[in-house]
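The lines below spell out each chain.
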Amino acid sequence: MNRAMRLAATGTAAVSLALTLAACGQTGAVQKPASGGSGEAIGLLLPDNTSSTRYDAFDKPLIQQTVTGLCGQCTLDYANAGGDAAAQKKQFDDLVAKGVKVILLDPVDAKVTGPWVDAANAKGIKVVSYDRLAQGKVAAYVSFDNERTGELQGQSLLDALGPKASSANVVMIDGAESDPNAAQFKAGAHRAMDGKVKKIAYEQSGEWKTDVATAKINEAIQSLGKDGIQAVYAGNDGMAGAVIDALKAAGIKNVPVGGQDASIDAVRRVLTGEQAYTIYKPYKPETDAAGSIAVQLAEGMDITTTATTLTSSNGLQIPSLLLTPIVVTKAKVQATVVGGGLYKAADICTQQFAAACAAAGVQ
């Protein structure tokens, strides 16, 4: 099989795997071809290593694996912005100055990236939006269906409330306004919950920061009273953990809280009943697709075998792959994050959580 065919096959496998995951909630490995290639520099810029551990723990090593599996002579130039948009701008400029062929960019602040992308394009450097859609004429976009993610978050909160939903005051602690994904999560959650709960009684951005989320939920408690909150939507697991701690400190019990990202601490909270749900967005299909597209672009190849749909952005039609997320509740931990290989049961089920794991059938 020639190089073009192998790259296309890997991209198609990523799409196939995504469809399988959506159907059954499990992950698997995409078969990597033998290494080869002429050697190209690919940049990878990820946004944070403070409020979320996923980028260094999962995204970067999996993208590295895909890129080097497809192109043994390719190099990956990686930097993490630590939540600082100015730092990411410098990292981006450094990659442009080095003359990399492709930049995989997960922006800290997507609203400011248009001039960056234009500058890269002027030098023949392709930019791929990874996980968040950057402004500017990006060559491709790989992410999850973010509005569907928000819908699943909202519906899962309704499920946790059960018959109490129609009389519930819900607090929403959204993600950062600089992140276009957060607006889509919010829109999807509203679509699921509006008209099905008593009201969204308080809604503010937690900025993806645990300290801000703590401040916002405390403000909501002060405004609504201890009996005035029946459920809390949190944009991600980090903020969900902060909300849960603040509710405990205020003596508020039996209030379902949900997040997303399937962080290991959140999975443990789901097992103990402290957190109602999390959202699992399997990293491997996303990283496989991003790495495949990066190599395809570096080699001047067609990406439409991987980027199989289009996303509209400021009048542009961007080749895209949008994957389907998976809800994780207590009953689904074994079938999703354990059965899918994100975590081993032994990683989750330390002595403190052994009884909860046994009760939920996690093994």
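Scope of this entry: the structure provided in the associated data block.

The rules behind the values
- Residues numbered from 1 in each chain as written.
- Predicted model: local features only at pLDDT ≥ 70, side-chain atom pairs only at ≥ 80, totals over all residues.
- Heavy atoms only, no water.
- Helix = DSSP H or I, 4+ residues; strand = E, 2+ residues; numbered from the N terminus.
- Expected span 1.5 Å × (residues − 1).
- Buried < 20%, exposed > 50% of the residue type's maximum accessible area, 1.4 Å probe, protein only.
- Arc of directions from axis to C-beta.
- Contact = heavy atoms within 4.5 Å.
- Polar contact = N/O pair within 3.5 Å; in protein donor to acceptor, adjacent residues only side chain to side chain.
- Pairing = 2+ DSSP bridges.
- Disulfide = S-S within 2.5 Å.

Taking 1.5 Å as the rise per residue, helix α3 (residues 85–98) with 14 residues should run 20 Å; its terminal C-alpha atoms sit 20 Å apart, in good agreement. Gln-88, Gln-91, Phe-92, Leu-95 and Val-96 are the residues of α3 that are buried. Down the axis, α3 shows its buried residues gathered within 140° of arc, on one side only. Exposed residues lying more than 90 degrees from the buried face of α3 are Ala-86, Lys-90 and Ala-97. Contacts made by the buried residues of α3 are with β1 (41–46), β2 (75–80), β3 (102–105), α4 (114–122) and β4 (126–130). N-capping of α3 is provided by Asp-84, with a side-chain oxygen placed 2.9 Å from the backbone N of Ala-86.

Where strand β5 (residues 140–144) and strand β12 (residues 316–323) come together, four bridges link them in parallel fashion. Note on β12: the bridge partner recorded for Ser-143 is Leu-322. Summarising the sheet, strand β11 (residues 309–313) and β12 pair through five bridges and their orientation is antiparallel. Looking at the pairing, Thr-311 lines up with Ile-318 of β12. Hairpin connection of β11 to β12: two residues between the antiparallel strands, including Asn-314 at a positive phi of 50°.

Tallied over the entire structure, the rule returns two disulfides. Counting its disulfide-bonded cysteines in sequence order, the protein shows a connectivity of 1-2, 3-4.

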